[in-house]
Amino acid sequence: MAIKNPSDNENFCILPWMHLYAEPDGNVFPCCTAVPYPGIPELKGSLKDNTLAEIYHSDEWNKLRKDMMEGKRNDACTRCWQFDDAGGSSYRKHNNNLFKKHFNLVDLTAEDGSIEEFHFKAINIRFSTECNFACLTCGPSWSTGWNKYIIGPKGPNLKLEDNTKESVWDQIKEHLPTVDEIYFTGGEPLMMPEHYKILDYLIQQGLTDMTLRYNTNMSNLNFYKYNVVDKWRMFKKVEVGASIDAYGERAELVRLGTKWDQVEANLLSLKGIDNINLGIDSVISILNVDHIPKFHLYLEHKGIVDETSIMSYNIAFSPPEFNIQAIPVDMKEEIKQFLEIHLENYSGRMTHPRWGFPQIISFMKEKDTWDRSKLVHNLHSRFRHVYKEMTENIPIIKQLLRHE
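Chemist: How do you make sense of unusual backbone geometry when you look at a structure like this?
Modeler: Excluding glycine, a negative phi dihedral is what most residues carry, and trans is how most peptide bonds are arranged. At the junction of Gly186 and Gly187, the peptide bond is cis and its omega measures out at 15° in the coordinates. Not every positive phi belongs to a glycine, and Met218 is a case in point at roughly 60°. With respect to the secondary-structure elements, Met218 resides in the loop between strand S7 (211–216) and strand S8 (222–223). Residue classification places Met218 among the buried positions, given a relative accessible area of 0%.

Chemist: How should I be thinking about the pattern of salt bridges in this particular structure?
Modeler: When charged atoms on two side chains of opposite charge get close, those side chains can pair. Counted under the stated rule, the structure contains 21 salt bridges. Here Asp84 and Arg92 are joined by a salt bridge, their closest N and O atoms 3.0 Å apart. Judged on exposure class, the residue Asp84 and its partner Arg92 are both buried. Between Asp290 and Arg250 there is a salt bridge, with the nearest N and O atoms lying 2.8 Å from each other.

Chemist: Which parts of the structure should I look at to understand a negative patch on the surface?
Modeler: Together, Glu161, Asp162, Glu166, Asp170 and Glu174 make up a negatively charged patch on the protein surface. With respect to the helices, strands and loops of the structure, Glu166 is situated in the loop between strand S5 (134–135) and helix H5 (168–173). We classify Glu166 as partly exposed; its relative accessible area is 43%.

Chemist: Sorry, what's going on with the environment of Thr351 here?
Modeler: For Thr351, the position within the fold is in the loop between helix H11 (329–345) and helix H12 (352–366). A residue is classified by how much of its surface remains accessible, and Thr351, at 42% relative accessible area, is partly exposed. Note: C-alpha distance between Thr351 and Ser309 (42 residues apart in sequence) is 9.2 Å.

Chemist: Can you help me understand the nonpolar core in this one?
Modeler: As a rule of thumb, nonpolar side chains are buried together in soluble globular proteins. Trp17, Ile182, Leu212, Trp232 and Met390 are the most contacted members of the largest nonpolar core, which totals 122 residues. Per-element accounting of this core gives the leading share, 5 residues, to H12. Residues in contact with Trp232, not counting those within four places in the same chain, are Leu190, Leu199, Leu212, Tyr214, Val238, Val240, Leu270, Asn275 and Ile276.

Chemist: Quick question: what am I supposed to make of the packing of H11 against H12 here?
Modeler: Relative placement of two packed helices is described by the angle separating their axes and the distance separating the axes. H12 packs onto H11 with a crossing angle of 170° between their chain directions and a minimal axis gap of 10 Å. As summarised for this structure, H11 and H12 are arranged roughly antiparallel, according to the angle between their axes. Counting all contacts with H11, which are made through Lys332, Glu333, Ile335, Lys336, Leu339, Glu340, His342 and Leu343, the residues of H12 involved are Pro353, Arg354, Phe357, Pro358, Ile360, Ile361, Met364 and Lys365. Residues that form the contact of H11 with H12 fall into these classes: 9 nonpolar, 1 polar and 6 charged.

Chemist: Would you take a moment to explain the pairing of strand S10 (residues 237–242) for this structure?
Modeler: The side chains of a regular strand alternate, residue by residue, between the two faces of the sheet. With 5 of 6 residues buried, S10 lies mostly within the body of the structure. Relative to S10, S7 runs parallel, the two sharing 6 bridges. Note on S10: the bridge partner recorded for Leu212 is Val238. Examined bridge by bridge, S10 and strand S12 (residues 276–284) share 5 bridges and lie parallel to one another. Of the residues in S12, the one forming a bridge with Val238 is Ile276.

Chemist: Before we go on, may I ask you to explain the sheet that holds strand S13 (residues 311–315) in this structure?
Modeler: Neighbouring strands of a sheet are bound in pairs by backbone hydrogen bonds; such pairs are parallel or else antiparallel. Judged by pairing direction, the sheet is mixed, and its 9 strands sit side by side in the order S3-S2-S1-S4-S6-S7-S10-S12-S13 without closing on themselves. Each of the sheet's edge strands pairs with one partner strand only, and the pair in question is strand S3 (45–46) and S13. Sheet topology note: the strand S1 (residues 19–22)/strand S4 (residues 122–125) ladder contains 4 bridges and is parallel. Bridging from a neighbouring strand, His19 pairs with Ala122 of S4. Against the sheet, H12 engages S12 and S13, with an angle of about 5° to S13.

Procedures and definitions
- Residues numbered from 1 in each chain as written.
- Predicted model: local features only at pLDDT ≥ 70, side-chain atom pairs only at ≥ 80, totals over all residues.
- Heavy atoms only, no water.
- Helix = DSSP H or I, 4+ residues; strand = E, 2+ residues; numbered from the N terminus.
- Buried < 20%, exposed > 50% of the residue type's maximum accessible area, 1.4 Å probe, protein only.
- Salt bridge = Lys/Arg side-chain N within 4 Å of Asp/Glu carboxyl O.
- Patch = residues over 30% accessible without salt bridge, like charges linked within 9 Å, V, L, I, M, F, W, Y side chains within 5 Å.
- Areas by Shrake-Rupley, 256 points an atom, 1.4 Å probe, with all protein chains shown as cover.
- Lys, Arg positive; Asp, Glu negative; His and termini not counted.
- Charge placed at Lys NZ, Arg CZ, Asp CG, Glu CD.
- Core = buried A, V, L, I, M, F, W, Y, C linked by side-chain atoms within 4.5 Å.
- Contact = heavy atoms within 4.5 Å.
- Axes fitted to C-alpha atoms, helices over the stretch in contact; angles between N-to-C directions.
- Parallel < 35°, antiparallel > 145°, perpendicular 65-115°, else oblique.
- Nonpolar A, V, L, I, M, F, W, Y, C, P; charged D, E, K, R; others polar.
- Pairing = 2+ DSSP bridges.

The structure is reproduced here in structure tokens:
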């Protein structure tokens, strides 16, 4: 085998050795980034047909680990290779840094990529599609909040426990003593009973010396009988990634269901709690790429973020017409200059924009997929319920519709 030491391997990712990512329909992927991508063969398992143990000991997962050890790029990881090749900070790089202490697991791996015993160190699980928002870069396959806007058959409220061969709770529970981190996302995870079931079990078993991570819309910190902040205080560390792409009126338009004043109050309520780190997890699309600098300055001015806050930039791949690569070339140059001028004049202490904005620019200019007719069709069909508001209140949308 040509390469095995992760530190010498620029194409290595630790996640196939220690990570669970499961979706509400029962599908399991190597991670949340290695999900279906146009033109790329899928690498997935199904909990409808197999247990977690069977999936992680399968020939497909063994080959993924074998490719990683040999320094080969597996097609399943195409999204990360795109960010890496663009000079950005990929999910692969992030997790290699975060879980470097688990690199020794590679030494326990056979030449064919198989592992005799598999214990999760990190879990990223989506229990259902239950959500109270209808984000414009999302859709009914991920959010029940979209159903109120759909004419015809509604999107299903998928529940992971309904799509498994054996109880997913029983399968996960046996791994919890070895887990360093659990990442809750959705749907909206703070609305899911399964989320609170796990927290209660961890507290009862004394398994609180771990990190909880969240991707949450921050609309409500009180669900059912629970105040989630009271639960969070019992854990070693809580990383809250607030899914917010803008502030004020644009926030309420880009993520339908947002009441900005309430979201802002919830964000501010977490400041000063020692074990809770608040960051912002933004989706970058044509809906907000012209708004991001103003958004960051607002958050900084309000004291919601500071130099310790993590600001994540996730590129919207769907719908394709909202991808920032689908902006006309001349407008891309205007946006590039706009972002660069902001960085030149920025005097704050936050570091993430200094690498995040160049990454956005690099990705935006990598391909040109502008198609005015597709954008117009999408706005009039899928987004007809907010067409008037979008065209009146999002300047870049008005500019795109005037562009030939």
